[in-house]
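# An overview of the molecular structure
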Amino acid sequence: MAELYVDQSRCQGHARCYMLAPETFMIDDEGYGFVREGREGSYDEENVRKAIRNCPERAIKIRGEEEAK
Ligand code: SF4
């Protein structure tokens, strides 16, 4: 099953994901984004798609699907 995740090797901590889709993304103390527990299946929601498109590092990906555009 497809699963939303943040590639920590690419994330630079801009926190745009959190600003665009706070119900799905969280940021740690240093501003790096991660997917909230239980929200791994939310990749098809409009806010989440917007966050994927707006991540400057293209760090938000969907495992088990083509790489997020
Ligand atoms: S927008 Fe991208 S680079 Fe910024 S915190 Fe979120 S995942 Fe990381």
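Our subject is the structure listed above.
Source: prediction; values computed, not measured. (Residues numbered from 1 in each chain as written. Predicted model: local features only at pLDDT ≥ 70, side-chain atom pairs only at ≥ 80, totals over all residues. Heavy atoms only, no water.)

Moving on: the packing of aromatic side chains. Applying the stated criterion across every chain, the model contains zero aromatic pairs. Its end group placed over the ring of Tyr5, Arg63 keeps NZ or CZ at 4.0 Å from the ring centre. (Phe/Tyr/Trp six-rings, centres within 6.5 Å; stacked < 30°, edge-to-face > 60°. Lys NZ or Arg CZ within 6 Å of the ring centre and 35° of its normal.)

All right, on to the site of the ligand then. Around the ligand sit 13 residues in total, of which Cys11, His14, Ala15, Cys17 and Cys55 are the nearest. Split into classes, the residues belonging to the shell around the ligand amount to six nonpolar, five polar and two charged. (Near = heavy atom within 4 Å. Nonpolar A, V, L, I, M, F, W, Y, C, P; charged D, E, K, R; others polar.)

Phi is positive for Ala15, close to 65°, though the residue is something other than glycine. The topology assignment puts Ala15 in the loop between β1 (3-6) and α1 (16-20). We classify Ala15 as buried; its relative accessible area is 16%. Phi is positive for Arg58, which is not a glycine, with a value near 50°. Following the sequence through the fold, Arg58 ends up in the loop between α2 (46-54) and β4 (60-63). (Helix = DSSP H or I, 4+ residues; strand = E, 2+ residues; numbered from the N terminus. Buried < 20%, exposed > 50% of the residue type's maximum accessible area, 1.4 Å probe, protein only.)

Counting residues in each nonpolar core, the largest one holds 16 residues, and the members touching the most others are Leu4, Val6, Phe25 and Ile60. When residues of this core are traced back to their parent elements, those giving at least two are β1, α2 and β4. Examining the composition of this core, we find that three residues originate from one element, α2, more than from any other. (Core = buried A, V, L, I, M, F, W, Y, C linked by side-chain atoms within 4.5 Å.)

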